[in-house]
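Observations on chain architecture
Residue strings, one per chain:
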Amino acid sequence: MKKPTLNQGIWLAIIAFIAVMAYRSYLKRNPVEKQVDQDKEMVDHVEEMVLKKPESEFKDNQLPNGSSPFDDVYGDGQFSDNSNTLLVRNQSGSDVIVFLKTIGSGEIIRNHYIRAHSQYLLEDIPNKTCYTKFYYGKDWNPTRKVKGIVSGGFDTDEDFVDTEKDIMEFREYVEGNYIYSSQFEITLETIEVEGQTMSERKVAASDFF
């Protein structure tokens with residue numbers, strides 16, 4: 001049997017919700033003795049159908065590590081001929097996209113997809129002062145839009161986190177016979193456990209993008 005699409009699933013949930021309301025109304029007008037338990041089980045079953053979010057048609061879909069799905073939204077990533085790096089270890093159970101945002105101008109200069117329980121090294125980062133934002137989730141849906149542009153997005157367990165208080169100054173400079181550069185590392189834990197590695201703050205999707 002063909003699985004219903006996400007939109008079809010939403011309509012089925014709406015129809016089931018209407019059925020629950022109509023059935024409750026009927027019971028109030030036509031009480032039936034000795035069938036309370038049976039009726040309650042039926043209503044609970046239908047309510048569970050209403051509350052359960054339809055499974056994504058893109059279940060378990062992922063992008064390769066390092067992909068930049070939001071370049072069409074924010075422009076191509078900015079790179080410089082230097083040795084500034086940011087290593088992101090994603091120890092959470094969700095995939096995540098890390099955004100590197102500049103202080104002041106607010107530019108998104110990099111965005112990279114990092115799968116759960118893996119890591120990715122951002123290299124050749126320009127000499128800028130930045131902080132990170134993180135978009136967590138599962139089941140990558142390539143048809144979703146951000147700011148009216150098809151960029152993709154997670155269908156399941158979405159969370160939006162920024163770390164504006166954790167500032168990173170990327171700077172490569174020469175001093176004497178030596179070249180110095182910036183190497184930062186971030187470890188992402190399960191996002192429910194906040195404050196262990198950095199100053200995380202959950203935000204709404206409308207404020208994130």
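Preceding this section is the structure that the text describes.
All of the points below concern the structure found in this document. (Residues numbered from 1 in each chain as written. Predicted model: local features only at pLDDT ≥ 70, side-chain atom pairs only at ≥ 80, totals over all residues. Heavy atoms only, no water.)

**Remarks on the overall build of the protein chain**
Per the secondary structure count, the protein chain includes four helices and 13 strands. Per-residue burial for the protein chain yields a buried fraction of 35% across its 209 residues. Intrachain contacts of the protein chain at a sequence separation of at least 6 include 72% that bridge at least 24 residues. Surface accessibility of the protein chain: about 12,900 Å² in total, with carbon and sulfur atoms responsible for 50%. (Helix = DSSP H or I, 4+ residues; strand = E, 2+ residues; numbered from the N terminus. Buried < 20%, exposed > 50% of the residue type's maximum accessible area, 1.4 Å probe, protein only. Contact = heavy atoms within 4.5 Å. Areas by Shrake-Rupley, 256 points an atom, 1.4 Å probe, with all protein chains shown as cover.)

**As for the environment of Y136**
Within the secondary structure, Y136 sits in strand β5 (residues 129–141). Linking Y136 and V161, residues 25 residues apart in sequence, is a C-alpha distance of 8.1 Å.

**Description of unusual backbone geometry**
We note that D60 has phi near 70°; this positive angle belongs to a residue other than glycine. Mapped onto the elements of the fold, D60 is located in the loop between α2 (36–51) and α3 (71–74). Positive phi, normally seen in glycine, also occurs at H117, with a value near 60°.

**Some points on the pairing of strand β8 (residues 153–162)**
Most of β8 is tucked away: seven of the 10 residues are buried. Examined bridge by bridge, β8 and strand β13 (residues 201–202) share two bridges and lie antiparallel to one another. Note on β13: the bridge partner recorded for V161 is K202. (Pairing = 2+ DSSP bridges.)

**Here we look at the environment of V98**
If you trace the backbone, V98 turns up in strand β2 (residues 95–102). Separated by 36 residues in the primary sequence, V98 and F134 have C-alpha atoms spaced 4.8 Å apart. In contact with V98, other than residues within four places in its own chain, are V88, R110, N111, H112, I114, L122, T132, K133 and F134.

**Focus on the packing of aromatic side chains**
The tally for this structure, following the rule as stated, stands at 21 aromatic pairs. Between the aromatic rings of F170 and F184, the centroid separation amounts to 5.1 Å while the plane-to-plane angle is 75°, which identifies the pairing as edge-to-face. Separated by 14 residues along the polypeptide, F170 in the loop between β9 (168–169) and β10 (173–175) and F184 in strand β12 (residues 183–188) bring together distant segments of the chain. Overall, F184 belongs to the partly exposed group, its relative accessible area being 26%. Members of the aromatic cluster, joined through ring pairs, are F70, Y74, F99, Y113, Y135, W140, F154, F160, F208 and F209. A cation sits over an aromatic face here: K133 above F208, 4.2 Å from the ring centre. (Phe/Tyr/Trp six-rings, centres within 6.5 Å; stacked < 30°, edge-to-face > 60°. Lys NZ or Arg CZ within 6 Å of the ring centre and 35° of its normal.)

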